[in-house]
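For reference, the chains in residue letters:
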Number of protein chains: 4
Amino acid sequence: MTGQNIFSISAERSAFEFFLKGEMWMKDNYALATRLRVRYSETDQMKIVYNANYLDWFEVARTELCRLWGKPYTEWESEGLMLPVVEAYCRYKHPARYDDEIELWSRVSELKCHSVRFEYRVLRAADKKLLAEGWTKHGCTDCEGRLYKKEHSFYLWMKSFISEERG
Amino acid sequence: MTGQNIFSISAERSAFEFFLKGEMWMKDNYALATRLRVRYSETDQMKIVYNANYLDWFEVARTELCRLWGKPYTEWESEGLMLPVVEAYCRYKHPARYDDEIELWSRVSELKCHSVRFEYRVLRAADKKLLAEGWTKHGCTDCEGRLYKKEHSFYLWMKSFISEERG
Amino acid sequence: MTGQNIFSISAERSAFEFFLKGEMWMKDNYALATRLRVRYSETDQMKIVYNANYLDWFEVARTELCRLWGKPYTEWESEGLMLPVVEAYCRYKHPARYDDEIELWSRVSELKCHSVRFEYRVLRAADKKLLAEGWTKHGCTDCEGRLYKKEHSFYLWMKSFISEERG
Amino acid sequence: MTGQNIFSISAERSAFEFFLKGEMWMKDNYALATRLRVRYSETDQMKIVYNANYLDWFEVARTELCRLWGKPYTEWESEGLMLPVVEAYCRYKHPARYDDEIELWSRVSELKCHSVRFEYRVLRAADKKLLAEGWTKHGCTDCEGRLYKKEHSFYLWMKSFISEERG
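These numbers come from a predicted model, not from an experiment.

**Looking at the overall build of chain A**
Okay, step 1: Along chain A, the regular secondary structure elements total 4 helices and 6 strands.
Okay, step 2: Of the regular secondary structure in chain A, the N- to C-terminal order runs α-β-β-α-α-β-β-β-β-α.
Okay, step 3: By residue count, 62% of the 167 residues in chain A fall in the buried class.
Okay, step 4: Of the contacts formed within chain A by residues at least 6 apart in sequence, a portion of 68% connects residues at least 24 apart.
Okay, step 5: In the form shown here, chain A has an accessible surface area of approximately 6,900 Å², with 51% of it arising from carbon and sulfur atoms.

**What to know about the pattern of salt bridges**
Two side chains bearing opposite charge may form a pair once their charged atoms approach each other closely.
Residue and element names in this part refer to chain C.
Okay, step 1: The full count for this structure, using the stated rule, is 64 salt bridges over all chains.
Okay, step 2: Residue R107 pairs with E119 through a salt bridge whose shortest N-O separation is 2.7 Å. With R107 in strand 4 (residues 101-111) and E119 in strand 5 (residues 115-124), this residue pair connects regions lying 12 residues apart in the sequence. Across this residue pair, the class does not change: R107 and E119 are buried.

**Notes on the side chain of E42 of chain A**
Okay, step 1: Along the polypeptide, E42 of chain A turns up in the loop between strand 2 (30-37) and helix 2 (53-68).
Okay, step 2: E42 of chain A gets classed as buried once you look at its relative accessible area, which sits at 4%.
Okay, step 3: Side-chain polar atoms of E42 of chain A contact the side chain of W57 of chain A, separated by 3.0 Å.
Okay, step 4: Ignoring sequence-local partners within four residues, the contact set of E42 of chain A consists of R37, I48, V49, Y50, N53 and W57 of chain A together with R39 of chain D.

**A word on the confidence of the model for chain A**
Keep in mind that low pLDDT regions are not for reading the predicted coordinates in detail.
Residue and element names in this part refer to chain A.
Okay, step 1: Per-residue pLDDT for chain A averages 86, and the proportion of residues at 70 or more is 81%.
Okay, step 2: Mean pLDDT per element in chain A: helix 1 (residues 2-20) is the minimum at 40, and strand 3 (residues 85-92) is the maximum at 98.
Okay, step 3: Throughout residues 1-23 the model reports pLDDT below 50, and contacts reaching past four residues in sequence, or to other chains, amount to 45 contacts.
Okay, step 4: As a predicted assembly, this complex carries a pTM of 0.87 together with an ipTM value of 0.84.

**A few points about helix 2 of chain A**
All names here are of chain A.
Okay, step 1: Its 16 residues give helix 2 an end-to-end C-alpha distance of 23 Å, which sits within 8% of 22 Å, the value for a rise of 1.5 Å per residue.
Okay, step 2: For helix 2, the tally of buried residues reaches 16 of 16 residues, placing the bulk of the element in the interior.
Okay, step 3: Immediately beyond the C-terminal end of helix 2, within one or two residues, lies G70, with a positive phi of roughly 110 degrees.

Reading the values: the criteria
Residues numbered from 1 in each chain as written. Chains lettered and ligands numbered in written order. Predicted model: local features only at pLDDT ≥ 70, side-chain atom pairs only at ≥ 80, totals over all residues. Heavy atoms only, no water. Helix = DSSP H or I, 4+ residues; strand = E, 2+ residues; numbered from the N terminus. Buried < 20%, exposed > 50% of the residue type's maximum accessible area, 1.4 Å probe, protein only. Contact = heavy atoms within 4.5 Å. Areas by Shrake-Rupley, 256 points an atom, 1.4 Å probe, with all protein chains shown as cover. Salt bridge = Lys/Arg side-chain N within 4 Å of Asp/Glu carboxyl O. Polar contact = N/O pair within 3.5 Å; in protein donor to acceptor, adjacent residues only side chain to side chain. pLDDT = per-residue confidence, 0-100. Expected span 1.5 Å × (residues − 1).

This is the structure in structure tokens:
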């Protein structure tokens, strides 16, 4: 446990310091958004993480990706942006189990004025095994739920990071 | 399963018809608020229902108790009443398991202008075994979160049912 | 609320009686698996049902579809069958809200010895509006997680219903 | 956000290094078990964290307390110890909101061969405001659910930390 903790902490520190240096832990344009530990409440009677909880993790991943990129989702929301989920997909390759340390990697794979698509990879931190991967598609709306038709601040902000990544 | 289904449906019908006749399924002033089936997602790796889910069921029970009494909680909420939970307690006696049919019984045990206390009993429908019991205490506030200091419509409405029960 | 309750109860009774008469509430081969009410705990701060909860409902739908077909999933599990989720997809069309009465419709769209695919429709009971639709793909394994390669009792049982539907 | 992240990381590092030095972040015998961020999925339509989720956090706190003390709960469970929840209580003082950074503090307030009681404090990391406090009581059983009647390794292990704290 000691080892895990030290590793976990240095890992987070590194990822964050890389970011401060204008870098990030990248792989196939995926950024390490965050790490978490599987909670007892997330398991089911098959002794594995229940399938729906991966969608909760996807939400954690996009929240932390925005934070890594410099502006938390809460700030965007307070400025009137909403990103309702319109589609979600997950492929389960290997089960996550209670107390596993999980790495959540995420990237933006598609960006339009009226929609954004996030992709996710769920890894077991101990051996970097890919446990699951998936994506969510979101509408980009104002606080009254109207889809944006023109470029808006969130779109431009996100676009800059994607080009960086692709560059 | 057939038997269970038939029973479950007649049970619900009876409970409801009793109510129409001005009666209710009562025991120690507890009313049968509703029945539900344990979901796979509610189990944990001990193969029993995870402890926090009982608080979700308590909320289902008070929602259905209000409906049985003739005015759904949604209507009260739309009129500006809020009942934030200030305390919650649960005692777990026997585990509920996946696909168990559960009976939720509830009563109001304490009513003041600024607070209300609900009590709950969680029974296994098949053998009426008491699986858990608990209570939640709520503040009674207006839509801006201010505690009521005088009698209000929800207080008077709820009071009438308690006196009936006690009568 | 009274109206809703009466309707809900007759609906369940009819669906069940239709089944007893060898029929079922069918539409495009979808059967009405069950109805449920949105719980307060299922909402998020957008005041709509959080996206991951639809996967919990999908699980409720396949559980109830098996029960309607005459053999609860618990019995299959006790006989050593396991149906781990390998893929899940959901398209969100319109939000479900607290206390909405929801209809869960389901069908089996693909059946092989080693896998089965369920499809789902989530309707608002009040106006039959389609709120979401999706599917889950499952492996068919024995209690040790080995995929079945030959026909097995669950496969044959499920096959009979599909042919009936298609017939 | 940057500040928060740096703070969060140093905080975790300090807490852990204090522990390595045989100390811990203590206050009234409570140890800082861990920090977490409120997930979007944990909010409800009152725009605050739903009451049942605090019990999930309590479980996270006792898991991390065991890890801080040097032996993860998973190891105890693999040795056949089980700690089923028999009672749970929570008092909600101030709401936690989406993306709040939360501190979970925990201590053991009662220890017997057949039972253990954990106490919890939920703080908002930004201003150390106490949002909620509660406790859970657990039975100490072997893998077959039999309550321990004599001293066992978990009991002795836990006892040593309590005396240290009290000392």
